[in-house]
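Coordinate analysis (summary)
The lines below spell out each chain.
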Amino acid sequence: MAAGAEGQARIHDEGEGEEGVDHRHRPAGGQGLQRPELRELVEDEDGQDAIAIRSMMNVTLTYDHRLVDGALAGRFLRDLRERLESWDEHSE
């Protein structure tokens, strides 16, 4: 039996000479946030296309589909996007 570090997947003997992954010690998912940066974006202003500069960032989500439903993960990303886009740093 090979044991991993705390919080990592561990290999265990399934019997009959087979080994499997013990998912009880495996993280269900992870999230990555890229540093915000200025990017050009085409926006519609009064029916006309306009180029605007906006602060944008990439957000990634990885998860074990056996533990987390894809629809739930999609709602999480949608809600996170809405909160970040409506964030007013002067409101506190």
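Before reading further, recall that the structure is shown in the block above.
The sections below set out a description of the structure shown in this document.

Procedures and definitions
Residues numbered from 1 in each chain as written. Predicted model: local features only at pLDDT ≥ 70, side-chain atom pairs only at ≥ 80, totals over all residues. Heavy atoms only, no water. Helix = DSSP H or I, 4+ residues; strand = E, 2+ residues; numbered from the N terminus. Contact = heavy atoms within 4.5 Å. Areas by Shrake-Rupley, 256 points an atom, 1.4 Å probe, with all protein chains shown as cover. Pairing = 2+ DSSP bridges.

1. Focus: the overall build of the protein
Counting secondary structure elements, the protein contains 1 helix and 6 strands. Ordering the α and β elements of the protein from the N terminus gives β-β-β-β-β-β-α. Contacts in the protein between residues at least 24 apart in sequence constitute 29% of all its contacts with a sequence separation of at least 6. As presented, the protein carries roughly 8,100 Å² of accessible surface, and 49% of it is formed by carbon and sulfur atoms.

2. Some details on the pairing of strand 5 (residues 48–56)
Alignment of strand 4 (residues 37–45) against strand 5, held across 9 bridges, turns out to be antiparallel. Along strand 5, the bridge assignment pairs Glu37 with Met56. From the end of strand 4 to the start of strand 5, which pair antiparallel, there are 2 residues, and Asp46 there has a positive phi angle of about 55°.

These figures come from the coordinates and say nothing about function on their own.
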